[in-house]
Amino acid sequence: MATLDGQTGRYPMLGWQKRPKVGLHEFVWVARNWGEIGFAPESEPNLVDFSKDGHIDIYDLMMLGESWWQDLPARDAFEPDEDFSSGQLPSGWQAGGDAGWLITQHAEDYAIRSEQIGDSQCASITLTRDTRFLGRISFDYLVSSEEGFDGLAFVIDGEPQAKFSGETGWQTCSFEFTPGEHTFTWSYCKDSYWQAGNDMGMIDNIQFTEE
Ligand SMILES: [Ca+2]
Ligand SMILES: [Ca+2]
């Protein structure tokens with residue numbers, strides 16, 4: 001079996017350069033047929049991994065193998081599609097409403113948080129994704145707000161999916177979507193009076209998986 005490229009810290013890659021995100025069944029097929037596919041150690045190394053661009057490389061296969069070993073669902077081994085680890089708001093995220101969202105640090109990690117807003121205002125951020133599969137979006141959120149009155153709403157294509165309010169601590173949630181283009185919006189909104197806690201919402205680790 002090929003080994004990791006220790007000099008660059010990058011990983012060799014297996015084909016499918018121009019494909020959209022590869023489904024789990026294809027991923028499993030490649031893993032099962034690993035020995036027959038062939039692998040050129042001198043081939044172009046690739047920085048990005050399966051969860052980010054649909055390419056399957058040896059690192060992804062190692063993670064898949066680990067997940068099998070632990071008898072866990074394979075997708076638990078995937079990395080998030082967006083974890084804000086660059087420390088900058090990634091392109092494609094559109095601010096809206098009365099204010100937007102900003103990169104913020106929590107512990108030794110980056111996430112995004114709603115900008116400070118006044119009463120009766122909303123800070124919103126939207127991500128658009130064209131997906132070719134029936135899927136599920138999951139993300140981590142933290143809300144610190146006046147419970148029941150101010151909070152974070154998650155909306156898909158204008159349809160509210162959930163509202164989180166009060167002191168939530170970090171939680172994870174997930175929602176289904178159909179194939180096609182969708183807008184995913186996170187809005188921290190306040191009613192006309194009062195505030196509590198840190199008065200904001202945070203999100204992190206956005207992940208798209210095929211159902
Ligand atoms: Ca993060
Ligand atoms: Ca309020």
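Residues numbered from 1 in each chain as written. Chains lettered and ligands numbered in written order. Predicted model: local features only at pLDDT ≥ 70, side-chain atom pairs only at ≥ 80, totals over all residues.

### Side note on the pairing of strand β12 (residues 200-210)
- The element β12 is extensively covered by neighbouring structure, given that eight of its eleven residues are classed as buried.
- In this sheet, β12 lies alongside strand β5 (residues 109-114) in antiparallel orientation, the contact comprising two bridges. In the strand pairing of β12, Ile-112 is matched with Ile-203.
- When strand β7 (residues 135-144) meets β12, the two strands line up antiparallel, connected through nine bridges. In the sheet register, Tyr-141 faces β12, and the bridge partner there is Ile-203. (Buried ≥ 20, exposed ≤ 12 C-beta atoms within 10 Å, placed from the backbone. Helix = DSSP H or I, 4+ residues; strand = E, 2+ residues; numbered from the N terminus. Pairing = 2+ DSSP bridges.)

### Concerning the confidence of the model for the protein
- For the protein, the mean per-residue pLDDT works out to 75, and 63% of the residues sit at or above 70.
- Highest mean pLDDT in the protein belongs to strand β8 (residues 151-156) (98); lowest belongs to strand β1 (residues 13-14) (39).
- Note that residues 1-22 has pLDDT below 50 and, in this model, 47 contacts with residues that lie over four places away or in other chains. (pLDDT = per-residue confidence, 0-100. Contact = placed C-beta atoms within 7 Å.)

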